[in-house]
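# Residue-level structure breakdown
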Amino acid sequence: MLKGKQRSYLKTLAQQMQPTIYIGKADLTDAIVKSIDDNLNANEMVKCQIQDGSELDPKETCSKLAEQLNAEFVQAIGHRFVLYRRAKDPSKRKIELPR
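Given the structure is predicted, the values throughout are model-derived calculations rather than measurements. (Residues numbered from 1 in each chain as written. Predicted model: local features only at pLDDT ≥ 70, side-chain atom pairs only at ≥ 80, totals over all residues. Heavy atoms only, no water.)

## As for helix α2 (residues 30-43)
Selection criterion: Numbering goes from the N terminus for both helices and strands, where a helix is a DSSP run of H or I of at least four residues and a strand is a run of E of at least two. The span expected for a helix works out to 1.5 Å for each residue beyond the first. Exposed residues in this analysis have more than 50% of their type's maximum accessible area, buried residues have under 20%, and partly exposed residues fall in between, with area computed by a 1.4 Å probe over protein chains only. The directions from the helix axis to the C-beta atoms are what the arc is built from. Only heavy atoms enter the contact rule, under which two residues are in contact if any of them lie within 4.5 Å.
With 14 residues, α2 should reach 20 Å at 1.5 Å per residue; the first-to-last C-alpha distance of 20 Å fits that figure. Regarding α2, the residues found buried are Ile32, Val33, Ile36, Asn39 and Leu40. Seen from one end, α2 has its buried residues packed into an arc of 125°, which puts them on one side. Turned more than 90 degrees away from the buried face of α2, the exposed residues are Asp30 and Ala31. Elements in contact with the buried residues of α2: β1 (21-23), β2 (45-50), α3 (58-69) and β4 (80-84). One or two positions beyond α2, positive phi appears at glutamate 44, with a value near 70°.

Spelled out as structure tokens, the structure:
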């Protein structure tokens, strides 16, 4: 569970990121979920954008994915949302969270 200071730090990092995953009319497919999982394994944080024409709600989608992928909901603004999952291997950690 993220603390307020940690979530704020991740939000600051997310502002500089461009979305790496785009969710279209097909909504959440297994391929998109796998892609998000792979992105979390590689980068610890992923920013997704829900394209126009999709019926998905960003907050609901992010919460569902966070639960499914054992990740943390960081934020959802407009059609974009951010997920974070700490790398299990300490040598692969890229993001150092404040205490």
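More follows now that the structure is in view.
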